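# Survey of secondary and tertiary structure
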Amino acid sequence: MSNNDIHRHNPTSLWSDAVVFNRIACFVEVPESGNTFAEQTRALLAQADRTLAAINSDKSRLMMVTIYLPDLANRKALNEIWAEWLPEGSAPSRACVRAELASPDLQIEIAFTAATRS
């Protein structure tokens, strides 16, 4: 496999916004705004919508997500927001784990894997 087979969206020296190989995309979102857990979660999911659109995909094409929460007490709120965001019948495989995030201000981080259309 050559490096040309892998498409990196907006690569920097530390990360890419998304990486696509064989129509499978991987990307991670951390909230860019919001103070409360709900605000951060909604901001993160809106960011995910934009990333999915940029890679020719959408949330109905999600295959797997790993959700990182510093406080598992937020799972109930997460599940309510998540259910509102996802189209009916398109829930991906999902893991939700407690983790210390890079900044104490972050209340959620999600790693996504999605199928692209091309």
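Residues numbered from 1 in each chain as written. Predicted model: local features only at pLDDT ≥ 70, side-chain atom pairs only at ≥ 80, totals over all residues. Heavy atoms only, no water.

With an unreviewed UniProt entry as reference, the protein chain is termed RidA family protein, source organism Jeongeupia naejangsanensis.

In space, the six strands of this open sheet follow the order β1-β2-β3-β6-β4-β5, with mixed pairing throughout. Of all strands in the sheet, those bounded by a partner on one side alone are β1 (6-9) and β5 (93-98). On average, each strand axis in the sheet is tilted by 10° relative to the strand beside it, whichever way the strands run. Bridge analysis of β1 against strand β2 (residues 18-21) gives four bridges, and the strand direction is antiparallel. Along β2, the bridge assignment pairs H9 with A18. Along the sheet, helix α1 (residues 37-54) contacts β1, β2, β3 (24-29), β4 (62-69) and β6 (109-115); its crossing angle with β3, the most-contacted strand, is approximately 150°. (Pairing = 2+ DSSP bridges. Helix = DSSP H or I, 4+ residues; strand = E, 2+ residues; numbered from the N terminus. Axes fitted to C-alpha atoms, helices over the stretch in contact; angles between N-to-C directions. Contact = heavy atoms within 4.5 Å.)

This part takes up the environment of F37. Checked against the element boundaries, F37 lands in helix α1. Judged by its relative accessible area of 7%, F37 is buried. Those residues in contact with F37 that lie beyond four places of it in its chain are L69, N74, A77, L78, Q107 and I108. (Buried < 20%, exposed > 50% of the residue type's maximum accessible area, 1.4 Å probe, protein only.)

To continue, consider the side chain of E109. With respect to the helices and strands, the residue E109 is situated in strand β6. Buried E109, no salt bridge; nearest opposite-charge side chain is R98, N-O distance 14 Å. (Lys, Arg positive; Asp, Glu negative; His and termini not counted. Salt bridge = Lys/Arg side-chain N within 4 Å of Asp/Glu carboxyl O.)

In this section: the pairing of β2. A regular strand places its side chains so that they alternate between the two faces of the sheet. Where burial is concerned, the two faces of β2 differ: the one with A18 and V20 is buried and the one with V19 and F21 is not. For β2 and β3, the ladder comprises three bridges, and the chain directions are antiparallel. Across the sheet, V19 pairs through a bridge with C26, a residue of β3.

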